Amino acid sequence: MSAELAFNRSVDVDYGVAEEVAPGVRRIVANNPGPYTFLGTNTYIVGTGQVAVIDPGPADPAHLAAIAEATRGERVTHILITHSHRDHCDGALPLQELLGGEIVAYGPTGTARGAGTPGLGDGFVDVAFTPDIPVGDGDTLKVRGFALDVLHMPGHAPDHLCFALVGKRTMFTGDHVMGWNTTVIAPPEGDMGDFLASLERLMQRHDKLFLPGHGGRIETPQRVVRAYMTHRKWREQNILACIDEGVSTIPRIVAKLYGALDANLKEAAALSVLAHLEHLIARNMVSAEGATGKLSAFYVRASGDAASS
């Protein structure tokens, strides 16, 4: 089993410019590059005449002005949010004030949000975000000229939605599947079991194109989803191997598995390991001992679980 994933990081970006990335779909990239956003957040404009905007991005006046310019002479009927991370949703209300349209998203989940690492804490999540129109799995949003099926795909975030362009085999995947990197799963915001189950759902579909929240077009969706799943299974086996070798705390596991990782991302890596361990605990394969905090606990094989499992 290999950890290698073929990421596409060779993406040219012209900030503020609307580029057609699929028939009837334009993309504008926000100028908010970073370790979790790659070159910036992708905002998609779907349709012509009457349009929907997917993920307006940060509350950046220049980016909002670019959306307004790209939709000049058109009517924005809906502003869709894949999930309430600020790099996707902070521009929603300012854009609505500028152009109108109803804000559509999953809505409050009633679950713990944020994660205990810089860049992924409460400041990264708008815990008060509430849409005008809450939608859930199986709903369909109809706009003149096109329709979008709603899929609830938790894992990266509990409120994460993907939107499928009906009849086009095209999916807007937000941060659930990205072509430039693996998706961050950081508890309590992220849940590895939910993430893997959501990937399984994507494997049952027959999409031809993924348009992610960061990075370029994904033209081999099934291959990428399969690679994501293989990578996560590989990582889980490596974590179990660490535990079997007596490398039983998250800092030591991170040092062993992510030795060459940028220091700024090691806390996120620790939360990713925690997400895997929580998934293993839920399946009675691992147990935590010796500490109240999950990041500082000692992890051992659960009683009755063989080291070869």
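Residues numbered from 1 in each chain as written. Predicted model: local features only at pLDDT ≥ 70, side-chain atom pairs only at ≥ 80, totals over all residues. Heavy atoms only, no water.

S.K.: Just to check I follow, could you spell out the overall build of the chain for this structure?
M.R.: Broken down by element type, the chain carries seven helices and 14 strands. Compactness check: the chain gives a C-alpha radius of gyration of 20 Å against a globular reference of 19 Å for 309 residues, within 12% of the reference. Along the three orthogonal principal directions, the C-alpha set of the chain runs to about 65 × 35 × 35 Å. A buried classification covers 53% of the 309 residues belonging to the chain. Considering only contacts in the chain between residues 6 or more positions apart, those separated by 24 or more positions represent 60%. (Helix = DSSP H or I, 4+ residues; strand = E, 2+ residues; numbered from the N terminus. Rg over C-alpha atoms; globule rule 2.2 N^0.38 Å. Buried < 20%, exposed > 50% of the residue type's maximum accessible area, 1.4 Å probe, protein only. Contact = heavy atoms within 4.5 Å.)

S.K.: Please explain the environment of valine 53 as it appears in this structure.
M.R.: Take valine 53: it is sitting in strand S4 (residues 50–54). The spacing of valine 53 and arginine 27 is 26 residues in sequence and 9.6 Å in space, taken between C-alpha atoms. In contact with valine 53, not counting residues within four places along its chain, are Thr43, Tyr44, Ile45, Ile67, Val76, His78, Ile79, Leu80 and Leu95.

S.K.: Would you mind going over the packing of aromatic side chains with me for this structure?
M.R.: When we look at a pair of aromatic rings, we describe it by the centre distance and by the angle of the planes. Tallied over the entire structure, the rule returns two aromatic pairs. When the centroid spacing of 6.3 Å and the interplanar angle of 45 degrees are considered together, the rings of phenylalanine 195 and tyrosine 228 count as tilted. Taken as a pair, phenylalanine 195 in helix H4 (residues 192–203) and tyrosine 228 in helix H5 (residues 221–244) lie far apart in primary sequence, 33 residues in all. Considered together, phenylalanine 195 and tyrosine 228 belong to a single accessibility category, that of buried residues. Over the ring of tyrosine 258 we find arginine 235; its NZ or CZ atom is 4.4 Å from the centre of that ring. (Phe/Tyr/Trp six-rings, centres within 6.5 Å; stacked < 30°, edge-to-face > 60°. Lys NZ or Arg CZ within 6 Å of the ring centre and 35° of its normal.)

S.K.: Looking at this model, I keep getting lost on the sheet that holds strand S9 (residues 146–152). Mind explaining?
M.R.: In a beta sheet, neighbouring strands are held together by backbone hydrogen bonds and run either parallel or antiparallel to one another. With respect to topology, five strands assemble into an open sheet ordered S8-S9-S10-S11-S12, the strand pairing being mixed. Only two strands of the sheet have a single partner each, and these edge strands are strand S8 (140–143) and strand S12 (209–212). Adjacent strand axes in the sheet meet at a mean angle of 25 degrees, parallel and antiparallel pairs treated alike. Pairing analysis gives three bridges linking strand S10 (residues 161–165) to strand S11 (residues 170–174), with the strands arranged antiparallel. Opposite leucine 165, over in S11, you have threonine 170 as the bridge partner. (Pairing = 2+ DSSP bridges. Axes fitted to C-alpha atoms, helices over the stretch in contact; angles between N-to-C directions.)

S.K.: Would you explain the pairing of S4 in this entry?
M.R.: Walk down a regular strand and you will see the side chains alternate between the two sheet faces. Within S4, five of the five residues are buried, which leaves the element mostly enclosed by the surrounding structure. Burial of the side chains of S4 extends over both faces: Gln50, Ala52 and Ile54 are buried on one face and Val51 and Val53 on the other. The pairing of strand S3 (residues 42–46) with S4 spans three bridges and is classified as antiparallel. Its bridge partner lying in S4, valine 46 is registered against alanine 52. Counted between consecutive antiparallel strands, the loop separating S3 from S4 contains three residues, among which glycine 47 sits at a positive phi close to 95 degrees. In terms of handedness, the path from S4 via helix H1 (residues 61–70) over to strand S5 (residues 75–80) forms a crossover that is right-handed. (Right-handed = clockwise from strand over helix to strand, strands pointing away.)

S.K.: Before we go on, may I ask you to explain the sheet that holds strand S6 (residues 102–105) in this structure?
M.R.: In space, the seven strands of this open sheet follow the order S1-S2-S3-S4-S5-S6-S7, with mixed pairing throughout. Pairing within the sheet leaves two strands with one partner each, and these edge strands are strand S1 (19–22) and strand S7 (133–134). Relative to S3, strand S2 (residues 25–29) runs antiparallel, the two being bridged by five bridges. Of the residues in S3, the one forming a bridge with valine 29 is asparagine 42. Across the face of the sheet, H1 comes into contact with S2, S3 and S4 while running at roughly 155 degrees to S2.

S.K.: Sorry, what's going on with the side chain of arginine 235 here?
M.R.: Mapped onto the secondary structure, arginine 235 falls in helix H5. Ignoring anything within four residues of it in the chain, the contact list for arginine 235 reads Leu257, Tyr258 and His276.

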